[in-house]
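Descriptive structure summary
The primary structure of each chain is shown beneath.
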Amino acid sequence: MLIKLLRPIKKFAGKCIRLAYKLTYRLFKVDDKLVIFISFHGRGYSDNPKAIYEQMKQDPRFVGYRFIWFIKNHKEKNIHIEGAEIKEYFSIPYFYYLSKAKLWVVNCKLPTYIFKKENQVYLQTWHGTPLKRLAHDIDVSEDTTFYRSGVSYEQMCHSYDVDVARYNYMISPNAFCTRVFQTSFKINRERLIETGYPRNDFISNATKEECDAIKNKYHLPMDKKIVLYAPTWRDNSYVSAGYTFELKANFRKWKEILGEDTIVVFKPHYLIINTFKDDPELDGFLYSIPAQAEINELYVISDILITDYSSVFFDYAILKRPIYFYMYDLKEYATDLRGFYLDIHKDIPGEIYMDEETMLKAIKNEVYDYSKLNEFNQYFNNHEDGKASKRVVDILYKAVH
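So, here's what we can say about the structure.

1. Regarding the overall build of the protein chain
- Counting its regular elements, the protein chain contains 15 helices and 17 strands.
- Relative to the 2.2 N^0.38 estimate, which gives 21 Å for 401 residues, the radius of gyration of the protein chain is 22 Å and therefore close to what a compact globule would have.
- Summarising the internal contacts of the protein chain: among those between residues at least 6 apart in sequence, 68% fall at separations of at least 24.
- Element-wise, carbon and sulfur atoms account for 52% of the exposed surface of the protein chain, whose accessible area totals about 19500 Å².

2. What to know about helix α6 (residues 175-184)
- Buried within α6 we find F176, C177, T178, V180, F181 and S184.
- The inward-facing, buried residues of α6 abut β8 (169-172), β9 (192-194) and α14 (370-380).
- K186 lies just past α6 and shows a positive phi near 55°.

3. Side note on the packing of helix α9 (residues 251-258) against helix α13 (residues 356-364)
- Where α9 contacts α13, the two axes come as close as 9 Å, and the packing angle between them is 30°. Of the possible angle classes, the one that applies to α9 and α13 is roughly parallel. α9 and α13 meet at a crossing whose hand is right-handed. In this structure, α9 contributes K253, W254, I257 and L258 to the contact, and α13 contributes E356, E357, M359, L360, K361, I363 and K364.

4. Concerning the packing of helix α2 (residues 47-57) against helix α15 (residues 388-399)
- Axis separation between α2 and α15 bottoms out at 9 Å; the angle between their running directions is 70°. When the interaxial angle is binned, α2 and α15 end up roughly perpendicular. The segment α2 lies against α15, with A51, I52, Q55 and M56 engaging S389, K390, V392, V393 and L396.
- Residue composition of the contact of α2 with α15, by class: six nonpolar, two polar and one charged.

5. Focus: the sheet that holds β9
- A sheet is described by the order of its strands in space; here seven strands give the open sequence β3-β2-β1-β4-β5-β8-β9, paired in parallel fashion. One side of each edge strand has no neighbouring strand; the edge strands of this open sheet are β3 (85-88) and β9. Between one strand axis and the next, the sheet turns through 25° on average, direction left out of account.
- Pairing between β8 and β9: three bridges, direction parallel. Within the sheet, the bridge partner assigned to M170 lies in β9 and is L192.

6. A short note on unusual backbone geometry
- Of note, F40 is a non-glycine position whose phi angle comes to about 50°, a positive value.
- Mapping F40 onto the fold places it in the loop between β1 (31-38) and α2.
- You can call F40 buried: its relative accessible area is 12%.
- Located in the positive-phi region is F90, a residue other than glycine, with phi close to 55°.

7. A closer look at the packing of aromatic side chains
- Tallied over the full model, the rule gives 48 aromatic pairs.
- Seen in terms of ring centroids, Y229 and F266 are 5.7 Å apart; in terms of plane orientation they differ by 25°. Their pairing is stacked. Here Y229, found in strand β10 (residues 225-229), pairs with F266, found in strand β13 (residues 262-266); they are 37 residues apart in sequence, far enough to count as distant. Considered together, Y229 and F266 belong to a single accessibility category, that of buried residues.
- With centroids separated by 5.1 Å and ring planes inclined at 80°, the aromatic side chains of F313 and F325 adopt a geometry described as edge-to-face. Taken together, the positions of F313 in helix α11 (residues 312-316) and F325 in strand β16 (residues 323-326) put the pair twelve residues apart, joining distant regions of the chain. Assigned by exposure class, F313 and F325 land together as buried.
- Members of the aromatic cluster, joined through ring pairs, are Y21, Y25, F70, Y89, F90, Y94, F95, Y113 and F115.
- A cation over an aromatic ring shows up here: R18 above the ring of Y113, its NZ or CZ 4.9 Å from the ring centre.
- The positively charged end of K109 is found above the aromatic ring belonging to Y160, 4.0 Å away from the centroid.

8. Digging into the side chain of T232
- For T232, the location among the structural elements is in the loop between β10 and β11 (238-239).
- Since its relative accessible area comes to 2%, T232 is described here as buried.
- Within polar-contact distance, the side chain of T232 engages the side chain of K132 at 3.4 Å.

9. Notes on the nonpolar core
- Counting 126 residues, the largest nonpolar core has F181, F185 and W254 as its most contacted members.
- Among all residues touching F181, those that are not within four sequence positions of it are W126, G128, P130, L134, M170, I171, S172, P173, K186, I187, L192 and Y197.

Reading the values: the criteria
- Residues numbered from 1 in each chain as written.
- Predicted model: local features only at pLDDT ≥ 70, side-chain atom pairs only at ≥ 80, totals over all residues.
- Heavy atoms only, no water.
- Helix = DSSP H or I, 4+ residues; strand = E, 2+ residues; numbered from the N terminus.
- Rg over C-alpha atoms; globule rule 2.2 N^0.38 Å.
- Contact = heavy atoms within 4.5 Å.
- Areas by Shrake-Rupley, 256 points an atom, 1.4 Å probe, with all protein chains shown as cover.
- Buried < 20%, exposed > 50% of the residue type's maximum accessible area, 1.4 Å probe, protein only.
- Axes fitted to C-alpha atoms, helices over the stretch in contact; angles between N-to-C directions.
- Parallel < 35°, antiparallel > 145°, perpendicular 65-115°, else oblique.
- Left-handed = near helix turned anticlockwise from the far one by under 90°.
- Nonpolar A, V, L, I, M, F, W, Y, C, P; charged D, E, K, R; others polar.
- Pairing = 2+ DSSP bridges.
- Phe/Tyr/Trp six-rings, centres within 6.5 Å; stacked < 30°, edge-to-face > 60°.
- Lys NZ or Arg CZ within 6 Å of the ring centre and 35° of its normal.
- Polar contact = N/O pair within 3.5 Å; in protein donor to acceptor, adjacent residues only side chain to side chain.
- Core = buried A, V, L, I, M, F, W, Y, C linked by side-chain atoms within 4.5 Å.

Treat this as a map of the structure, not an account of what it does.
Here's what the structure looks like:
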């Protein structure tokens, strides 16, 4: 009851803060040695912004710079970032430092009410190579609505257009994205920097010691084969609080077929809000990882990936390990939702399975075509050499000097 009463008050306060920001943001002088970072609308310290920050932190050219991360509920999360300050996302300091920072490093679409000055530099890192169509590339009827907010197609595209107009640079991980981003985001080629993804440097460079430390962190056995199951969210499955996911995996069957020498790590998409019940019979076999966990860590410790329509397979392919696609709802997904950029029956680096048992037996018997994976990597991951962060930071240094 109290939450319902507070909601309109918080909404009104938010409007007041935004209005004050709109009226005052030009009054604050830009600080040439201030850099701000936002990952997934303040969800945490992660993804491309994290990799770029860690590269900047060790670059002598950025000695004396001030780094600020905006993170939601950071005190409750007890987050500490060495060498950086943390401010609350969507707070008064958030708007103040947006007005002052010379450089913005962001991996998600910023709201339309954010203003950028001419002498500020906005790097949009984005957060994945898309399988599903984005923004202007989505071909739908005019009455289609998007997200939980139910915005129209025109409103959805407008929100991207406003943000793209602010970009000085946008990272493209490969030639495919360089082409797709120009049509989906309506961005000119000159602002796209085809560098590879900074976050993937960790995948290329992870050591055995780092992998062992990650296994210890999640209390995983050291001597078993690890299957990572990382499905995505569905555009049309949500409640008022967020997106939901109906789990269509019989993990008892997975345990029976895959055997005692294998464990499964289940990582939901970060947008998923529902929790999944523990099954005592699966103790020691199934390990559920929080949706907000850094998925790059899970890539490097796993031997096999199972996914569906998530873009995780683009990054995972760098490891040259087997990928299986469990698309039990393929017919519904392909026709009712956003549609695909790729011909999924020809272009993705693995077989599609609509039947769970058939897929599990293929995994058990190590049925996988590596030639398809090698061909995929030559096109989509040709820049992933473990040095993307340095390439991006070199561009940023020139941009702010």
